[in-house]
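Fold and contact review
Single-letter residue listing:
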Amino acid sequence: MKVTFNIKYKTSWGQRIFITGSCVELGENAIYEAKEMHYRNDSEWQLTVSLSDSTKTIDYRYIIEDENGLRTPEETFRRVAFRYDCQVYCLYDRRLSEPEDRTFYTSAFTKNLFVRHDPKNKSNRVRAHVEKKNHLVLRLSAPKIKPEQVVAITGNRECLGSWNIDNAPHMSAENFPQWEIRLNIDDISFPLEYKFIVLENKTNGLCYWEEGENRIITSVEDDEKETVIDNHSLRTSEFSWKACGTVIPVFSLRSEDSFGIGDIGDIKKLIDWTKKTGQHLIQVLPMNDTTCSHTWKDSYPYRAISIYALHPLYVSIPMLGHLKDKRRMASFGKVQKKLNSGETVDYLSVEKYKTAYYREYFRQEKENILSNDDFKEFIANNKDWLVPYAAFSFLRDKNNTADFSKWGEYARYEHEKIEDFCRPGNDAYDEFSYLFFIQYTLHAQFEAISRYARQNRVVLKGDIPIGINRKSVEAWTEPDYFNMQGQTGAPPDDFSDTGQNWSFPTYNWDVMEKDGFSWWKKRFLKLNNYFDSFRIDHILGFFRIWEIPLGYTEGLCGHFRPAIPLSEEEIEKYGILFDERWTKPYIHLRFLPDIFGLNTGNDIYRYLSHIDTEHLTLNEFCSTQRKITSLFGKSSDGESQIIRDGLMRVASETLFLEDPYETKHYHPRISAYKSYAYRELSDENRHAFDRLYHDFYFLRHNSFWKETALKRLTPLINGTDMLVCGEDLGMIPTSVHEVMNRLQIFTLEIERMPKVSNTEFADLKTLPYHSVCTTSTHDITPLRAWWKEDKEKTQRYYNNVLQRNGIAPDECSSKIAEQIIINHLQCPSMLTIIPLQDWFAIDEKIKRQDADVERINIPANPDNYWRYRMHITIESLLRANNFNRKIRNLITGSKRN
C-alpha cells in the first residue's frame, strides 16, 4: 500500500520537516528515527512510503528540525484509517501550528457541549457517493458547529448539488470536530469549485455560508485511488459562544439522601438543577482523599494524601446499596437523618458513621465483590497508584500517624516489599481489599455521573491543587520529585498581610523535566476520567513558586523559586553599601514599644540579646517563627500573646534573604518597605532600595519566568483534551497573561480583585473572552457578606459601579445581588461561573438568613474548618420554579447559550 503525505509549511533557513508514526516504516514514533520529507515548491513538503497491506490505522505527527539539528515534534498525533480495498492514498494535511480556536477542540465541546448524538449523519446522498473505489476525501475541521446544526458542501458539480443548497450533501461528523465526505473521483470533472455551508439539521434550512472565495481543486494524481485532503478549516466570522455555570464544593451539597455531607450521588441531582436553569457547567473543589489524622483538619480539600485516590466520604450510599439487616439499616437511617439536619458538616461524625456503613456493606457483599470481573479489572488497571495508596492508608492507621518517617521498616518506600505486603493471602489483605473496594466504588459511581453530565450537556470542571501534602503517598513513594526542605505558600496579598504558608513541599522541577513531566501528565490523565475541564490552582506556581524556609510559619520571609538572586556587587550598583546584618532578624531599641507595647521591661531580654548598643536579635531558643510557635503554643494569655506576636514580627525583620541554593546571593524581602529595618535606612538608601526592589520583582524575571512556564505548561496542556483554566490571582508577573493567552488557558476574573494597577474594581466590559468571570470564590466572602465588610468601599461600588445614587443600603438586597450577577453575565468572558451562595442571594425566599456563615475558607487561617453546607436540599431547589425561572431568564437574557 502506497501512502503519500503532503503538508504546506514555510520553513526558515536550515529547517527541515520529518514525519514519524506508529509503524516501522515511519520510525515507530521515535523522533530521531523519523523519515525526512522532500521539499517540492511553494512551501509544500511531501513523503511517499510503502506500508503493509494489513495496516488498518496509523498515528503520526510532523517534526520540525532547526539548523542545529534540534527536532521539535507536534504535541498531538494525527490519525488515518485505511480501507481494505484501496492500495494508494494521498494525504494533504492542514497546517502544523495550533488552531486559534483550540478551546473548541477540547472535550468540553467535542464530547459534551457540541457532541453529535447522530454523528455519522449519513444521508442517502452520501452513501451514493461511495460505491466505487477511486475516492476524493475532503475533511474539514469545524468544532464550532452546534448540535442542532450540520455541515454540508456544495459546488459546481452535480455530486455537490450544483450550487443548490437543497441538494448539497451533508458531511459525516463521525470523528467530530472533523467532518468528512467521500466522493467518487469518476463523478468529478476538474476543476472542482466548492464551499462549505452550515444547515439546520432537522429542517435543512441555511444557517450561513462560509466566508471567502470559492475553494478550488484543479486536479488529483491519476494513479491515486484515495486522495485525502485534510487541510480545510471553516471560514467564519468571530464566534462568541458563552455559557454560565455554578461552583460549589461537593462536601457542601445537601440532598434528602445525603449522609451529613455532599456526595457523588448529589452531583447527579445538581446536574438536573443546572440543566433546568439553563446552565452548562458545574465546578467543584478537589475531591481527593485528605485523610491524614482522622480529625476535622482533614476537611482541607487542598491537602490530599493522594493525587489519584478519591475521598471515601464522597461514596453515595444510595448508589452503593442497602444492608440486608433491617435493624442495622434502620439504625443508620436515624443517624443519616440527624447528620443531614446539621447546619454544617460534622466531619468526625460523618467519617465515623459512613465508614461504619461501608465496612458492614463490604462484609455483607465481600464474596461477590472479590469475584467481580470489573473490580478485578479496576485493580489491574490502577495498581501503580492503588497499591501504594492502600499500603499508606493501612500503615497510617496502624502507626497512628501519616508521618511515614515513623513507620519503622516501612519508613522508606520499597516497591517490591509493598507489592508483597498487599498481596492476596497476607494477613492484612482483607483491609487492602476493602480499601480497593472503596476506590473502585468511587470510580464506578463518578464515571456514571460523568456520563450523565455529558448526556445532559453539563461540563464537570475539576480542580487540581498546586501542592501535595508532605505526609502523602507521593511524598513517600516518589521523594525525588519534591524538595522537603522548603514550604509552598504565597507572598502577602489581599488575603493576608503576612503571606500564606500552605506547608506543602516545593517541586524539584529539574527532576520532573527529565522524564517529560510524566508525574503531572498522569495526574491530568486521572482527572480526565471524570472531568471535561479543570482549574489549575495557583497557576503562578508553574512560573515560580513562593518557597518558605522550614523555620518560618508565616509566608512573609519566602522567596520566589526559580529566581535570579542578587550578588553583593549587584546590590551595591544601586548605591547601597551592603550590610550582612540586613540578612538576619534584628530590631532597633526605639521600635520595641511599637512591637511589644508596655511589655518592654526586663522580661523581653529573656528572648532578645544585644548585637550592638542599639540593636537586638532573637536568642537561639526562639530564633525562628517555628520555635516561637512551639514555645508559646496556643496560649490565650493576653500578655503572652503580645510577646509571641512581637517575637514573630522580629523574626521577619530583615531587608534581604540569602538564597538557599546560591551562597552570597540575596532576595530583597517581600514588602520590606513596611519593615522597621527599612524605616531605619537613610533617605538615600531607601530610594536606592526602592529602585532595586522594583527592578527585582517587576522587571528582572519577566523573560525568565515566561520561558520557565512555557517549558513546563506546554507539554502538559498539549497532552490533555480537557478545557484548562488557571487561578491567576495574587502578585502576577507580566508574562503570565501572555503565556496563558498563548496556550489558551482561561484566566480567572473577579470584579473586586482587579488586575489593572491603581483601580479598585475590574471593568467587567473589558474582560478577555478566554476567561472565567465570577462574583466570588471559596477564598473570599460571598456577595452578601462582602457587602458588609467595608462600608466605604461598598459605597463607592454602589455609586460608581452599580451607578446608583444615594447611600448604599446596609444589606445587599436580592435586587442588588441580581444586578451584580446580571453585570457578570453580560461580560465578554466565555464562562461566567457563579457560586451557589450568590445565586441564592438573588431571591428573598431562597437565600439564607445569616450571610456570614456562607464563607467557605479564610486563607489567612491555616486551621480553617471546611464545613459549609447549602441550607436547603437540591430537591427543594428543583421545586423552586420561580427561582429557577429567574435564573434561566437572566442567562437567556445575557445571550449565554
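The notes below deal with the structure included here. (Residues numbered from 1 in each chain as written. Predicted model: local features only at pLDDT ≥ 70, side-chain atom pairs only at ≥ 80, totals over all residues. Heavy atoms only, no water.)

**Focus on helix α18 (residues 683-698)**
Note the following rule: Per the convention used, a helix needs a DSSP run of H or I reaching at least four residues, while a strand needs a run of E reaching at least two, with both numbered from the N terminus. To estimate the expected span of a helix, count its residues, drop one, and scale the result by 1.5 Å. Categorising residues by exposure relies on relative accessible area from a 1.4 Å probe, with only protein chains included: less than 20% of the type maximum marks a residue as buried, more than 50% marks it as exposed, and the intermediate range marks it as partly exposed. In this context, the arc is that of the directions from the helix axis out to the C-beta atoms.
Taking 1.5 Å per residue, 16 residues should reach 22 Å; α18 reaches 22 Å between its end C-alpha atoms and fits that length. Within the sequence span of α18, burial applies to Asn685, Ala688, Phe689, Leu692, Tyr693, Phe696 and Tyr697. With its buried residues spanning 145 degrees around the axis, α18 presents them on a single face. Across α18 from its buried face, at more than 90 degrees, point the exposed residues Glu684 and His687.

**Digging into the side chain of threonine 794**
Worth spelling out the cut-off: Contacts were defined at the residue level, with two residues in contact if any of their heavy atoms lie within 4.5 Å.
Within the element layout of this structure, threonine 794 appears in helix α22 (residues 791-801). Classification of threonine 794 by relative accessible area gives buried; the value is 4%. When neighbours within four sequence positions are excluded, threonine 794 is seen to be in contact with Trp786, Trp787 and Ala808.

**Here we look at helix α3 (residues 264-276)**
Put simply, the rule reads: Polar contact is defined as a pair of N or O atoms within 3.5 Å, subject to the rule that within protein one atom must be able to donate a hydrogen and the other to accept it, and that residues adjacent in sequence are counted only when both atoms are side-chain atoms.
For α3, built from 13 residues, the straight-helix expectation of 18 Å at 1.5 Å per residue is met to within 8% by its first-to-last C-alpha distance of 19 Å. Of all the positions in α3, only Ile264, Gly265, Asp266, Ile267, Lys269, Leu270, Ile271, Trp273 and Thr274 are classed as buried. The opening residue of α3 is aspartate 263, an N-cap whose side-chain oxygen sits 2.9 Å from the backbone nitrogen of glycine 265. Taken from the residues just after α3, glycine 278 is the one with a positive phi, measuring 80 degrees.

**Comments concerning the sheet that holds strand β32 (residues 656-658)**
Heads up, the condition is: Two strands pair if DSSP finds at least two bridges between them. Lines are fitted to the C-alpha atoms to define the axes, a helix being fitted only along its stretch in contact, and any angle between axes, read from their N-to-C directions, falls within 0 to 180 degrees.
The three strands lie next to each other as β28-β33-β32, forming an open sheet whose pairing is antiparallel. In this open sheet, the two strands that pair with only one neighbour each are β28 (566-567) and β32. Sheet analysis places β28 next to strand β33 (residues 665-668), joined by two bridges and oriented antiparallel. Bridge pairing links leucine 566 to tyrosine 666 in β33. On top of the sheet, α18 reaches β28, β32 and β33; it is set at about 95 degrees to β33, its chief contact.

**Notes on the pairing of strand β1 (residues 2-8)**
Among the seven residues of β1, five are classified as buried, and the element is accordingly described as predominantly covered. Pairing of β1 with strand β9 (residues 88-93), which is carried by six bridges, proceeds in the parallel orientation. Residue pairing in the sheet places isoleucine 7 in a bridge with aspartate 93 of β9. Pairing of β1 with strand β5 (residues 44-50) involves seven bridges; the strand directions are antiparallel. Paired with isoleucine 7 across the two strands is tryptophan 45, which belongs to β5.

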